[in-house]
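Close look at the chain arrangement
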Amino acid sequence: MKKIFLLAVLAGGLAFGQSKKVVASDVHWWGYKVAKSEASSHDGTVKVKSGDMVMKGNQLVGGSFVLDMTSINSTDLTGEYQQKLNGHLKNGDFFEVEKFPTATFKITGVKKNNDKIYNSLVTGNLTVKGKTSPISFPAKISYSKGVVSLVSNKFSFDRQKFDVAYKSTMQDVFVKDDIDMLVKVTAQ
C-alpha cells in the first residue's frame with residue numbers, strides 16, 4: 001500500500017511539475033523623463049519578496065513572484081535627491097506602497113524564442129496596484145542540478161495600464177509611459 005501511495009505522489013509530481021523556491025533575485029528598473037534616453041532617466045531596484053518556478057522535466061512551465069514594492073529604490077541618485085525620489089515613487093504619485101505593498105507576476109506560458117541568447121519567451125500576468133495586464137519578455141532559461149535560472153532581456157511595459165500615473169498639474173507630460181525592467185531569478 002505504501003508503494004502505491006509513493007508511486008501516486010511521484011506520478012502526480014511529474015504530471016503537475018516540480019516547484020522550485022526562489023533563492024536569489026535581481027530586479028532592475030528604468031523610468032524615463034521627457035525622452036526615453038539614459039540622460040533623462042532614473043533607475044533602481046526592487047526586491048523579490050517570494051516566488052517559485054515550476055519545472056516539468058527540464059522545462060519551465062509556470063511560477064509566480066511577489067515583488068516587495070516598499071523596497072523600490074533609486075540607485076542612480078544619492079543622499080537627499082535619492083530620498084526624495086524614493087519617497088515620490090512610494091507615495092500616491094506612483095506606486096502607493098502603503099495601500100499596495102506588493103506586486104505580482106504569474107507565469108502563464110513559456111515558449112521557444114528564436115534568439116540564440118534569450119531562448120524563451122515568457123508570458124504572464126503582472127499585477128500592480130490591484131490592476132492586472134499580460135506582459136511577455138524574452139529570457140534565457142537554464143536548468144542544471146536542481147537549480148533553475150531565468151535571466152530576461154531588457155523589456156518594457158506601460159505603467160498607465162496599472163494606474164501608475166504621475167498625479168500633478170503636468171500629468172504625464174514629463175514622464176514616459178514605458179518602464180523598462182531586467183529580471184534575474186534563481187530557484188532551487
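Reading guide: rules and limits
- Residues numbered from 1 in each chain as written.
- Predicted model: local features only at pLDDT ≥ 70, side-chain atom pairs only at ≥ 80, totals over all residues.
- Heavy atoms only, no water.
- Salt bridge = Lys/Arg side-chain N within 4 Å of Asp/Glu carboxyl O.
- Helix = DSSP H or I, 4+ residues; strand = E, 2+ residues; numbered from the N terminus.
- Buried < 20%, exposed > 50% of the residue type's maximum accessible area, 1.4 Å probe, protein only.
- Pairing = 2+ DSSP bridges.
- Phe/Tyr/Trp six-rings, centres within 6.5 Å; stacked < 30°, edge-to-face > 60°.
- Lys NZ or Arg CZ within 6 Å of the ring centre and 35° of its normal.
- Expected span 1.5 Å × (residues − 1).
- Contact = heavy atoms within 4.5 Å.
- Core = buried A, V, L, I, M, F, W, Y, C linked by side-chain atoms within 4.5 Å.
- pLDDT = per-residue confidence, 0-100.

1. Considering the pattern of salt bridges
A complete count under the given rule lists three salt bridges for this structure. Ionic pairing is found between Glu 80 and Lys 84, a salt bridge with its closest N-O pair at 3.1 Å. Taken together, the residues span about one helical turn, with Glu 80 and Lys 84 both in helix H2 (residues 79-90) at a distance of four residues. Overall, the relative accessible area of 52% leaves Lys 84 in the exposed class. When the shortest N-O distance is used, the salt bridge between Asp 177 and Arg 159 registers 3.6 Å. Within this pair, whereas Asp 177 is found in strand S9 (residues 175-187), its partner Arg 159 is found in the loop between strand S8 (155-158) and S9, the two being separated by 18 residues in sequence.

2. What about the pairing of strand S6 (residues 131-144)?
On a regular strand, each side chain points to the face opposite its neighbour's, so the side chains alternate between the two faces of the sheet. Two elements, strand S5 (residues 120-128) and S6, share nine bridges in a ladder whose sense is antiparallel. For Leu 121, the partnering residue across the bridge sits in S6 and is Pro 138. With antiparallel pairing between neighbouring strands as the criterion, S5 and S6 make up a hairpin whose turn holds two residues, including Lys 129 at a positive phi of roughly 55 degrees. Once S6 ends, the chain turns through two residues before running back antiparallel as strand S7 (residues 147-152), passing Lys 145 with a positive phi of about 50 degrees.

3. Side note on the packing of aromatic side chains
Summed over all chains, the structure comprises four aromatic pairs. Centroid distance Phe 65 to Phe 105: 6.5 Å. Interplanar angle 10 degrees. Geometry classified as stacked. Of this pair, Phe 65 sits in strand S3 (residues 59-74) while Phe 105 sits in strand S4 (residues 102-112), placing them 40 residues apart in sequence. Taken together, the ring pairs connect Phe 65, Phe 105, Phe 137 and Phe 155 into an aromatic cluster. A cation sits over an aromatic face here: Lys 154 above Trp 30, 3.8 Å from the ring centre.

4. Remarks on unusual backbone geometry
One non-glycine residue, Glu 96, lies in the positive phi region at around 45 degrees. Here Glu 96 lies in the loop between H2 and S4. One non-glycine residue with positive phi stands out, namely Lys 145, at about 50 degrees. Counting through the fold element by element, Lys 145 comes out in the loop between S6 and S7.

5. Considerations on H2
With 12 residues, H2 ought to run about 16 Å at 1.5 Å a step, and its terminal C-alpha atoms sit 17 Å apart, in line with that. Elements that come into contact with the buried residues of H2 comprise strand S1 (18-33), strand S2 (41-56) and S3.

6. Section: the nonpolar core
Core analysis: the biggest nonpolar cluster contains 39 residues, and Phe 95 and Leu 150 have the highest contact counts within it. The biggest single contributor to this core is S9, with six residues. Those residues in contact with Phe 95 that sit more than four places away from it in its chain are Met 69, Ile 72, Leu 89, Lys 90, Phe 100, Val 128, Lys 129, Val 164 and Ile 179.

7. Section: the pairing of S4
By the bridge criterion, six bridges tie S3 to S4 in an arrangement that is antiparallel. In the strand pairing of S4, Asp 68 is matched with Thr 102.

8. Considerations on the confidence of the model for the protein chain
Scored by pLDDT, the protein chain has a mean of 89; 85% of the residues are at 70 or more. Contacts of residues 4-14 to residues separated by more than four positions or lying in other chains number two contacts, the stretch itself having pLDDT below 50.

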